[in-house]
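Examining the three-dimensional arrangement
If you want the building blocks of each chain, they are given just below.
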Amino acid sequence: MAEDKFKQLELLISQTANRLQSLQAELSAARQKIRTQENIIERLRENETELKTLREWKKNTVTVLKKLETRIEKEISKTTENQL
């Protein structure tokens, strides 16, 4: 009877050790996934900053081009009037 209980105890210990190893592997994989996600988040934040900069540059460029277009149109109008 004691021998059966000893074997059951050994089996439980073995199962617990296997489960612990399995959980440690899952924990390690989860930590790696978290690191990967953190890296992705960091890149997205960098891209967001770059996107904001590019949007501001585009806005400024459009403004400058509109001003230039207006000047050119004025010069064309002046030239056209002078030719008449």
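First things first, this report covers the structure right here in the doc.

Reading the values: rules and limits
Residues numbered from 1 in each chain as written. Predicted model: local features only at pLDDT ≥ 70, side-chain atom pairs only at ≥ 80, totals over all residues. Heavy atoms only, no water. Helix = DSSP H or I, 4+ residues; strand = E, 2+ residues; numbered from the N terminus. Rg over C-alpha atoms; globule rule 2.2 N^0.38 Å. Buried < 20%, exposed > 50% of the residue type's maximum accessible area, 1.4 Å probe, protein only. Patch = residues over 30% accessible without salt bridge, like charges linked within 9 Å, V, L, I, M, F, W, Y side chains within 5 Å. Areas by Shrake-Rupley, 256 points an atom, 1.4 Å probe, with all protein chains shown as cover. Salt bridge = Lys/Arg side-chain N within 4 Å of Asp/Glu carboxyl O.

Our focus in this paragraph is the overall build of the chain. Within the chain one finds one helix and zero strands. The C-alpha atoms of the chain give 36 Å as radius of gyration, which overshoots the globular expectation for 84 residues (12 Å, by more than 25%). Once the C-alpha set of the chain is aligned to its principal axes, its extents read approximately 120 × 15 × 10 Å. Going through the 84 residues of the chain one by one, you find that 0% of them count as buried.

What follows covers a nonpolar patch on the surface. Residues L65, L68, I72 and I76 make up a contiguous nonpolar surface patch of about 370 Å² in total accessible area. Summarising the element assignment, L65 is placed in helix α1 (residues 2–83).

Taken as a whole, this structure holds one salt bridge when the rule is applied. Residue E75 is joined to K78 by a salt bridge in which the shortest nitrogen-to-oxygen separation is 3.9 Å. Residue E75 and its partner K78 are both found in helix α1; the two are separated by three residues, about one turn of the helix. Looking at K78, the relative accessible area reads 48%, which means it is partly exposed.

A separate point is the environment of M1. The residue M1 is located in the segment before α1 in this model. Of the residues examined, M1 reaches a relative accessible area of 76% and is grouped as exposed. When the C-alpha atoms of M1 and R31 are compared, they prove to be 45 Å apart, with 30 residues separating the residues in sequence.

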